[in-house]
Amino acid sequence: MSGASKSSGRSIADEAAARKRGRSLAALGYTKPRTYEELRAVLSSGTVHFPKRLRQVAIFLWQHPSDVALGTIAQVAEQAGVQPSTLVRFAQIFGYAGFSDFQGLFKDHVKGSWPEGRARDGQEQAAAEPNANLHFLNGLVGASQASLGRIDKDFDIASFERMVDLLANADLIYVIGSKRAFPVTTYLSLTLSQQGVRNVLVDNVGSTALDQVGCIGSRDAVLAVSFSPYNSITPDLVAVAHERKARIVTITDSTFSPLVQLSDTWLEVVEQDFAGFRSLAASLAVGMALVHGVVARRTA
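All values derive from a computational prediction rather than experimental measurement.

Visitor: Would you explain helix H11 (residues 182-194) in this entry?
Guide: Since the α-helix packs 3.6 residues into each turn, any two residues three or four apart lie on the same face. With 13 residues, H11 should reach 18 Å at 1.5 Å per residue; the first-to-last C-alpha distance of 18 Å fits that figure. Buried residues of H11: Val184, Thr185, Leu188, Ser189, Thr191 and Leu192, and no others. Viewed end-on, H11 has its buried residues packed into an arc of 165°, placing them on one side of the element. Summarising the contacts, the buried residues of H11 are in contact with strand S1 (173-176), strand S2 (199-202), strand S3 (221-226) and helix H14 (281-299). Gly196 sits one or two positions beyond H11 and adopts a positive phi of about 80°.

Visitor: In this structure, what is going on with the pairing of S3? I would like to understand it.
Guide: Regular strands place side chains that alternate from one sheet face to the opposite one. Among the 6 residues in S3, 6 count as buried, and that is most of the element. Burial along S3 is two-sided: Ala221, Leu223 and Val225 and Val222, Ala224 and Ser226, pointing in opposite directions, are all buried. Across 4 bridges, S1 lies against S3 in parallel orientation. Looking across to S3, one finds that Val175 is bridged to Leu223. The pairing of S3 with strand S4 (residues 247-252) spans 6 bridges and is parallel. Opposite Leu223, over in S4, you have Val249 as the bridge partner. Assessed by its sense of winding, the connection that carries the chain from S3 through helix H13 (residues 234-243) to S4 is right-handed.

Visitor: Help me understand the pairing of S4, please; the structure alone is not making it clear to me.
Guide: Burial runs high along S4: 5 of the 6 residues are buried. Looking at chain direction, S4 and strand S5 (residues 265-268) are connected through 4 bridges and run parallel. Bridging from a neighbouring strand, Val249 pairs with Thr265 of S5.

Visitor: Looking at this structure, I do not really get the side chain of Thr252. What am I missing?
Guide: As for its position among the elements, Thr252 is in strand S4. Of note is the side chain of Thr252, whose polar atom sits 3.2 Å from the side chain of Ser257. Contacts of Thr252, omitting those with residues within four sequence positions, involve Ser226, Tyr230, Ser257, Val260, Trp266, Leu267, Glu268 and Val269.

Conventions used here
- Residues numbered from 1 in each chain as written.
- Predicted model: local features only at pLDDT ≥ 70, side-chain atom pairs only at ≥ 80, totals over all residues.
- Heavy atoms only, no water.
- Helix = DSSP H or I, 4+ residues; strand = E, 2+ residues; numbered from the N terminus.
- Expected span 1.5 Å × (residues − 1).
- Buried < 20%, exposed > 50% of the residue type's maximum accessible area, 1.4 Å probe, protein only.
- Arc of directions from axis to C-beta.
- Contact = heavy atoms within 4.5 Å.
- Pairing = 2+ DSSP bridges.
- Right-handed = clockwise from strand over helix to strand, strands pointing away.
- Polar contact = N/O pair within 3.5 Å; in protein donor to acceptor, adjacent residues only side chain to side chain.

Written out as structure tokens, the structure is:
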């Protein structure tokens, strides 16, 4: 078979596969998403299940719409940790011929997302700084501002109020988070203690995390914090609390977090990154607001 024939054969096969995936999506009751909000609705429904690499793409798209909108396919693929062909496959699942058409959803969305745009401008301005340390500092400040800007724009007040209620009514609050989330949970536990709210920081010292949640019961609550790639011990600990009927509230960064299905309610907090370092500004701000709300509710 000639090279042209082989190429033609692959093209036909790819188109057939894309149509098959599109029919599978349609069979679930979805039409081709025309806006970023429609795409998020499909992703958050839990009815579309992705293999590992496509799930990795879905998480990245969920968390970084501005990077998807403004980057080339090679740049987006590198940031997401996948091959460009994986982005094309993902777009085809949703009925798009290729990634560039699919990218239009994100371009339309970020036109109004000026906090993220300002953060990118800040990074470019920092790049012009002659001092490398100042450049890095300015980049982190910009990432923190972008993270806080998302909270200001998309905060789910109903979920927040329910979290406050569940925590305020608990006999004992278990605060769980590891790796990058651990600085957040440590500070939340400290602040709860300073305000006279009984809590247990599950710190896993000596690999004792499962023992630390061993006495959790139905009158207790868990405040869990977890960020992608969700490969910590936190989901296992929260699963134990769920089995024992404890109330569970979660701060996490996407609907793909394994904690979402275990939680009574959850808040989405997405942190912006700079040069591979992610801010924790928004997570700490939301956490402090939770502590304030719990203390106010208990003393009302």
